[in-house]
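# Fold and contact review
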2 protein chains.
Amino acid sequence: MVRQTPASTAPVFPGATPIDLPRPYLLFLGDADDTTFLKTGLGLRDWAPGLCVAEYRCDGARASLGLPSMTPVEAYAAGARALVLAAASIGGAIRPGWIPHLVAALEAGLDIVSGAHDRLADEPRLRKTAEAFGRRLIDIRTPPPGLPIATGQRRTGKRLLTVGTDCALGKKYTALALAAAFRARGLAADFRATGQTGIMIAGSGIPIDAVIGDFTAGAAEILSPDADPDHWDVIEGQGSIFHPSYAGVSLGLLHGSQPDMLVLCHAHGRERIVGLPDYPVPSIGEAVALTLQLARLTNAAVRCAGVSLNTAGLSPAEAAMLTERCADQWGMPVADPMRPGPAFEGLVDACLG
Amino acid sequence: MVRQTPASTAPVFPGATPIDLPRPYLLFLGDADDTTFLKTGLGLRDWAPGLCVAEYRCDGARASLGLPSMTPVEAYAAGARALVLAAASIGGAIRPGWIPHLVAALEAGLDIVSGAHDRLADEPRLRKTAEAFGRRLIDIRTPPPGLPIATGQRRTGKRLLTVGTDCALGKKYTALALAAAFRARGLAADFRATGQTGIMIAGSGIPIDAVIGDFTAGAAEILSPDADPDHWDVIEGQGSIFHPSYAGVSLGLLHGSQPDMLVLCHAHGRERIVGLPDYPVPSIGEAVALTLQLARLTNAAVRCAGVSLNTAGLSPAEAAMLTERCADQWGMPVADPMRPGPAFEGLVDACLG
C-alpha cells in the first residue's frame, strides 16, 4: 500500500463509531419448526436475556425459545424497539413469507435488525414501509461508514482478546463468559462484538470480517476506545492466524485490539481446520508463541492467560479430567467456559492477575 | 468467523477473475503543470511503454511525459482503446475541468480507466455518455465481483512475492524488475498486480487493499492461478506484516499467494514506519524470519532469495558499496533493482536457484 500521502488516498473520519442497535428486541423466529435454524435466537436468549422482550413467529410455525409470545404491537407496548431476525435460512435469504410480519413490525413502531445475507432495503415493501413510518432497516453485515486507517497509538484501559486455533470453536462464548465473570467480581467490563450474533447480543459492535482489509485494524481500534484505567474490554476474536482463508482478518483484529491479555480458544479433539483437511490445527504451544509474537507489535506487554477448551460432548467428569490434564501438559490454566467451576475461576484469576 | 456452513454465509463464485483492462492507453495528464502529480503516468511510461500510445492534456496544461500528443480521435485511430487518468489530484477527486475531455474520449471510442477515489459512474455526464456509446467506466479501486474465500489448495507453477519492512519502498518496482529479468533470461513470467498503478501497468490485477478482509487471501489465490510448472508469477506485495495498520492485508496476500520465493524490500536509512514514528522498521533478520514462518502455512518450501534495497539518493558508487556491505552483513544477495548490474543479476540468480 502506497501510503506516503494517506490524505489523498483514503478518507479518514475519526468520528466513525460501531453499529449501535435499538433495543430491547422482539425476536422473530420466522417459519422455523425447531431450533436448528435459531442459532442467533438461542445466543440472544442465553446471553442477553434482558434484551429479549418476547418472540414472534409466522402462523403455524412451531419453534419456540421459551419467551413470551407477542405481536409487534404488544411487544412495542412492552418496551421493544427493534424486531431481530433470529432465524437463519439457507443462503442467508429473507424469505418471502416473512415480509408481511416484518411490515407489521415496522408499522407497530419497531426498527428491524438483520444479519441475513439479503439486504433489508433491497426488499421494496420493507423499504417503502420504513420510509413511510420513519423506521430504520439495519443490516449488521454492513460495517459502519467512515472507518479509519489504524494509527497504532496506544489507548487507555485494559483489553482482552479471545484468539483461536481455528474458526468456530468458542471465541464469542469465551469472551461473553469472561466479561460476565469480570462483572460478577465487581469489575467494569464490556463485551466488544465483532460478529453478527455478538453484535446483536451486545447491542453494538463492528462486523470485522465484512470490513475492507485496509480498515480492519482501524475498525478494531475504534471498537475498544480509550477507557478508564481499570476498565476491561473483552473482545470477541475472529478466525485464526493459522487459518489460510482468514488469518489476515485475525491479524488486523489482533493488532488493532492491542490486547493486554489473550485467551487461546481450542476445540478438544479437532485435529484439522474445519473444511480444510490439508491444514492441521496448530499445537497449543505453537499457537501461543506465534500469537504473542505478532501481538507484541502493538502491545509489548501482552500475555496469554490460558486456554479456553471446548469440551462439548464430554460428560462433566470427562471434561473435568481433560481440562486438568491439559493444564498440566500446557503449563497454564485451562477451562471450558460453558462449565462454571473452579477451573473457569482459575482462568479468570489468570486473566486478571 | 463462524464458517461451519460457509454456503449459508458467503456466496462463492469460483469463476471470479481479476480486472482486465482494455488497452493500449491514451494517458490523460489533466491540468498538471509538472510531473509531481503524474506518478501513475511516470510508472506507465517507464514500465509499460508498449501500452502508452500517446498523451492528452487540458488546454494550457504544461506537464508532459514525452509521449506523442494526440486527441482522443487520433489516439483511437492509432490503436488506443482506453483513456487512463494518469494524473492524481488532491483527495483523489476527478476534477470538473477534466470532464469535457473524458466525455470526448468516450465519444471517440475509448473506455475510461481510473484509480481516483471518486467513482467515474457517479459523474452524470460520464455515466450518460458511456451508456449512450456503449463504453466502459472502469474504477480500478473497485475489486472484481464474486471473489472467493481462499481454499488453501496448492496451485501449479512457481510464485515469487515481494514483501517489505514497510509500505512505499519499492515492492512494485522490484516485482516489475524481476519479472522483466526473468523474461530477459527466456523464462515465462508474469507480473501480477495488486495495486492501482501496478494494475494499469500490467493491464490486469486486483486492488488487494480494497477487498473485504474475508476475501483477501481468496483474491490472492485467483490472481496467480494454476500455471505451467516452469512459469513464474511475480506478485506485487502490499504493506508489511510489521505495519500496525496494514499487516492483515499483507498476511492475507502472503497466504493466498503461496510463494515459493520471497524478496524482502527495504529502504536504506528508514528507521521508522512512514507516518508512525512510534513504530520501528524491523531488522532484516527479524523480517525474513517472521515472514518465512508465516508463509510456511500455505507453502512449506518457501525461501527468501535476498533483499531489494532502495538506495534512492545515493551516488552509483555509494549504492554499490552499500549493497555489497549489506550483502555481507545479512548473508544473502542484496541489490537495488533500479540499478542494473552484477548485484541485481545475483539477486535474480538467487530467485531462480
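About the cut-offs
Residues numbered from 1 in each chain as written. Chains lettered and ligands numbered in written order. Predicted model: local features only at pLDDT ≥ 70, side-chain atom pairs only at ≥ 80, totals over all residues. Heavy atoms only, no water. Helix = DSSP H or I, 4+ residues; strand = E, 2+ residues; numbered from the N terminus. Contact = heavy atoms within 4.5 Å. Buried area = accessible area lost by both parts, 1.4 Å probe. Salt bridge = Lys/Arg side-chain N within 4 Å of Asp/Glu carboxyl O. Polar contact = N/O pair within 3.5 Å; in protein donor to acceptor, adjacent residues only side chain to side chain. Axes fitted to C-alpha atoms, helices over the stretch in contact; angles between N-to-C directions. Parallel < 35°, antiparallel > 145°, perpendicular 65-115°, else oblique. Nonpolar A, V, L, I, M, F, W, Y, C, P; charged D, E, K, R; others polar. UniProt positions renumbered as here; feature names shortened; annotations may be inferred. Buried < 20%, exposed > 50% of the residue type's maximum accessible area, 1.4 Å probe, protein only. Arc of directions from axis to C-beta. pLDDT = per-residue confidence, 0-100.

The name given to chain A in an unreviewed UniProt entry is DUF1611 domain-containing protein, and the organism recorded there is Sphingomonas alpina.

In this section: unusual backbone geometry. Residue and element names in this part refer to chain A. Residue Pro24 follows Arg23 across a cis peptide bond; omega there is 0°. With respect to the element layout, Pro24 can be found in the loop between strand 1 (19-20) and strand 2 (25-28). Not every positive phi belongs to a glycine, and Ala168 is a case in point at roughly 55°. Its location among the elements puts Ala168 in the loop between strand 7 (158-164) and helix 6 (171-184).

This part takes up the interface of chain A and chain B. On the side of chain B, 48 residues touch chain A, which itself brings 48 residues to the contact. In total, about 4200 Å² of surface goes out of reach between chain A and chain B, with carbon and sulfur atoms giving 58% of it. Run the count over chain A and chain B and you get 0 salt bridges. Inspection of the region where chain A meets chain B yields 7 residue pairs in polar contact (both at pLDDT 80 or more). Here the side of chain A that touches chain B gets 6 residues from one element, more than from any other, and that element is helix 9 (residues 247-257) of chain A.

With that settled, consider the packing of helix 6 of chain A against helix 12 (residues 342-352) of chain A. Residue and element names in this part refer to chain A. Relative to each other, helix 6 and helix 12 sit at 80°, their axes nearing to 11 Å. Classified by the interaxial angle, the pair formed by helix 6 and helix 12 is roughly perpendicular. From helix 6, Ala177, Leu178, Ala181 and Phe182 reach across to helix 12, where they touch Phe344, Val348, Cys351 and Leu352. A class-by-class count of the residues in the contact of helix 6 with helix 12 yields 8 nonpolar, no polar and no charged.

Right, let's get into the UniProt feature "domain: D-glutamate N-acetyltransferase-like N-terminal" (unreviewed entry) in chain A. What UniProt calls "domain: D-glutamate N-acetyltransferase-like N-terminal" (unreviewed entry) maps, in this numbering, to residues 64-143 of chain A. A helix fraction of 31% and a strand fraction of 14% characterise residues 64-143 of chain A, whose end C-alpha atoms lie 30 Å from each other.

Okay, helix 2 (residues 39-47) of chain A next. Residues and elements named next belong to chain A. Looking only at helix 2, the buried set comprises Thr40, Gly41, Gly43 and Leu44. Down the axis of helix 2, the buried set is contained in an arc of 160°. They therefore lie on one face. Contacts made by the buried residues of helix 2 are with strand 2, strand 3 (52-56), strand 4 (82-85), helix 6 and helix 7 (196-202).

Here we take up the confidence of the model for chain A. Across chain A, the average pLDDT comes to 94, with 96% of residues at 70 or higher. A low-confidence stretch, residues 1-13 of chain A (pLDDT under 50), is modelled with 33 contacts involving residues beyond four sequence positions or located in other chains.

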